[in-house]
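Listed below, chain by chain, are the residues.
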Amino acid sequence: MDSHPSHSKDTNGKYRSEDQSVVSRMQKKYWKTKQVLIKVTGKKEDEHVVASDAELDAKLEVFHSIQASCIDLLKTIEKYQQRLNVMSEEENELGLLLKVRGEQDATKAGKMMEATGKILCSSAQQRVALCTPLSRLGQELATFSHRAVSDTLLTIDHMEQARIEYRGALLWMKDVSQELDPDTCKQMEKFRKVQTQVKNTKAQFDKLKMDVCQKVDLLGASRCNMLSHSLAIYQQYLEEKTVVSEAILLSVEHTNEQMAGMIELHVSILKHPLHIILTEMGDSGLGRTPNLFRICLCRRRQGNNDINSCQR
C-alpha cells in the first residue's frame, strides 16, 4: 500500500523536472533570439561587452581582408591568363601569316616579312610560357582559399553562435538581477541557474575565441609563405625569359635597320565632301571610282596629292 504514494511522488517529481527543463530551454532560446535581433537590427549593445571583444573583432577584420584579397587575386590571375592566351594567339597568327607571305615573296620585302614573322612567333611562345607559373600560383591560391580559409570561416561561424548565446545569457542575467530579491529563496535559485548558464556559455565562447585568433594568425603567416614561394618562382621564370626577350629585341632592331632603306609609303585618306570630289573628277572619273572614301597609297617622293592621280 505504501508503494503507490511513493511511485506517485517520483512521477510528479519527474514531470516537474521535465517541465522546468522545457521552460529553461524556452528561456534560453528566447534570450538568444533577442540577441540575434539586436545584432541584425544594429541596436546598440553594452559598451563594456563590446569592448571586451575588441581584439577578436580586429582579428575578424584581418580574416575578411585575407578572404577578399584571395578572391580578388584569383580573379586577376584568371584574367591575366586569358589576356596572355588571346594576345599570344593573335601574335602567333600574325607571325605565321608574315612567314608564309614572306616565303612566297622573293624580294627584299619578303625577307623582311619572314624575319618579322619569326620574331612574332618567338614572342608569342614566350608569352604563352608565362602561363605555367601563373597557373601554379592560381592552383596554390585556390587550394589555400578552399581549405585554410574555409576551415577558419567554419570556426568563426561556431564562435559567432557561441557569442550570441553568451550575450543572450548576459541579457537574461541582467533581466533577472533587476528583479532579484536576496530574501526570496526562489529568486536566488533562479539567479544562480542563470549565472551558471552565463558561465557555461562564456567558457565555450572563450575557447572558440582563442581558436579563431590563433587560426587567423596562422592563416596570415601561411598566406605570406605561400605567396613568397609562388611569386619567387614566377620572378625567377621572368628573369630567365628576360635573356630570350633581349635576343628578340636585338632581332627587331636588326630587322628595323634593314627596313630603313626601303621605299616609304605615304597614306592619305579622302575626306572631301562628295559633291566636291565629283566636281573635281568629272564624269570620266566616275567609272574608275567604286569607293569614293578609299585609302590612296602614294609615294612620298612624288609629293602628289591630286585626287585624279590616286590609282585604283
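Bear in mind that the values here come from a model prediction, so they are computed numbers and not experimental data.

Peer 1: Hey, could you run me through the overall build of the protein chain in this one?
Peer 2: Counting secondary structure elements, the protein chain contains 7 helices and 2 strands. Along the chain direction, N to C, the helices and strands of the protein chain fall in the order α-α-α-α-α-α-β-α-β. Of all 312 residues assigned to the protein chain, the portion counted as buried reaches 27%. Taking the intrachain contacts of the protein chain between residues at least 6 apart in sequence as the baseline, contacts between residues at least 24 apart amount to 79%.

Peer 1: Any chance you could explain the pattern of salt bridges here in plain terms?
Peer 2: Opposite charge on two side chains lets them pair, provided their charged atoms get close. Evaluation of the coordinates by the stated rule reveals 12 salt bridges. The salt bridge partner of R167 is D53, with a shortest N-O separation of 2.7 Å. Highlighted residues: R167 in helix α5 (residues 131-178) and D53 in the loop between α2 (47-52) and α3 (54-104), separated in sequence by 114 residues. Across the pair, exposure class does not vary: R167 and D53 are buried alike. Put simply, K118 and E114 hold a salt bridge, and the shortest N to O gap is 4.0 Å. With K118 and E114 both in helix α4 (residues 108-129), this residue pair falls 4 residues apart, about one helical turn. When its relative accessible area of 22% is taken as the criterion, E114 is described as partly exposed. Beyond isolated ion pairs, a larger network of salt bridges with shared partners links D53, D57, E160, R163, R167 and K209.

Peer 1: Would you take a moment to explain the packing of aromatic side chains for this structure?
Peer 2: Describing an aromatic ring pair means giving the distance of the ring centres and the angle of the ring planes. Per the counting criterion, the structure on display carries 1 aromatic pair. Ring geometry for Y166 and F205: centres 5.7 Å apart, planes at 15°, overall stacked. One end of the pair, Y166, is in helix α5; the other, F205, is in helix α6 (residues 185-259), with 39 residues separating them in the sequence. Like F205, Y166 is buried.

Peer 1: Looking at this structure, I do not really get a positive patch on the surface. What am I missing?
Peer 2: On the surface, R25, K28, K29, K190 and K193 cluster together to form a positively charged patch. Those elements that provide at least two residues to the positive patch are α1 (3-41) and α6. Looking at the positive patch, the element that brings in the most residues is α1, giving 3 residues. Mapped onto the elements, R25 comes out in helix α1. Residue R25 is classed as partly exposed on the basis of its relative accessible area, which comes to 47%.

Peer 1: I keep staring at the packing of α3 against α5 and nothing clicks. Help me out?
Peer 2: Two elements in contact, α3 and α5, have axes whose closest approach is 10 Å; the angle formed by their N-to-C orientations is 155°. Relative to α5, the element α3 is oriented roughly antiparallel. In the crossing of α3 with α5, the sense of the turn from one axis to the other is left-handed. Its residues assigned to classes, the contact of α3 with α5 shows 20 nonpolar, 6 polar and 3 charged.

Peer 1: Would you mind showing me how to read the side chain of E160 here?
Peer 2: The topology assignment puts E160 in helix α5. In this structure E160 touches K39 and L60, once residues within four positions along its chain are discounted.

Peer 1: Mind showing me how you'd approach the confidence of the model for the protein chain here?
Peer 2: Detailed reading of predicted coordinates is not advised where the pLDDT is low. Of the residues in the protein chain, 68% have a pLDDT of 70 or more, and the chain-wide mean is 76. Taken element by element, the protein chain is modelled with least confidence in strand β2 (residues 295-299), mean pLDDT 39, and with most confidence in α3, mean pLDDT 91.

Peer 1: Just checking my understanding: could you explain the environment of G110 for this structure?
Peer 2: Of note, G110 is situated in helix α4. Spatially, the C-alpha atom of G110 lies 9.3 Å from that of V100, the residues being 10 residues apart in sequence. Other than its neighbours up to four places away in sequence, G110 contacts G102 and D105.

Peer 1: I would appreciate a short explanation of α4 in the present structure.
Peer 2: Because each turn of an α-helix spans 3.6 residues, side chains separated by three or four positions in sequence point in the same direction. With 22 residues, α4 extends 32 Å from end C-alpha to end C-alpha; this agrees with the ideal 32 Å at 1.5 Å per step. All of the buried residues along α4 are G110, M112, G117, I119, L120, C121, S123, A124, Q126 and A129.

Parameters and conventions
- Residues numbered from 1 in each chain as written.
- Predicted model: local features only at pLDDT ≥ 70, side-chain atom pairs only at ≥ 80, totals over all residues.
- Heavy atoms only, no water.
- Helix = DSSP H or I, 4+ residues; strand = E, 2+ residues; numbered from the N terminus.
- Buried < 20%, exposed > 50% of the residue type's maximum accessible area, 1.4 Å probe, protein only.
- Contact = heavy atoms within 4.5 Å.
- Salt bridge = Lys/Arg side-chain N within 4 Å of Asp/Glu carboxyl O.
- Phe/Tyr/Trp six-rings, centres within 6.5 Å; stacked < 30°, edge-to-face > 60°.
- Patch = residues over 30% accessible without salt bridge, like charges linked within 9 Å, V, L, I, M, F, W, Y side chains within 5 Å.
- Areas by Shrake-Rupley, 256 points an atom, 1.4 Å probe, with all protein chains shown as cover.
- Lys, Arg positive; Asp, Glu negative; His and termini not counted.
- Charge placed at Lys NZ, Arg CZ, Asp CG, Glu CD.
- Axes fitted to C-alpha atoms, helices over the stretch in contact; angles between N-to-C directions.
- Parallel < 35°, antiparallel > 145°, perpendicular 65-115°, else oblique.
- Left-handed = near helix turned anticlockwise from the far one by under 90°.
- Nonpolar A, V, L, I, M, F, W, Y, C, P; charged D, E, K, R; others polar.
- pLDDT = per-residue confidence, 0-100.
- Expected span 1.5 Å × (residues − 1).

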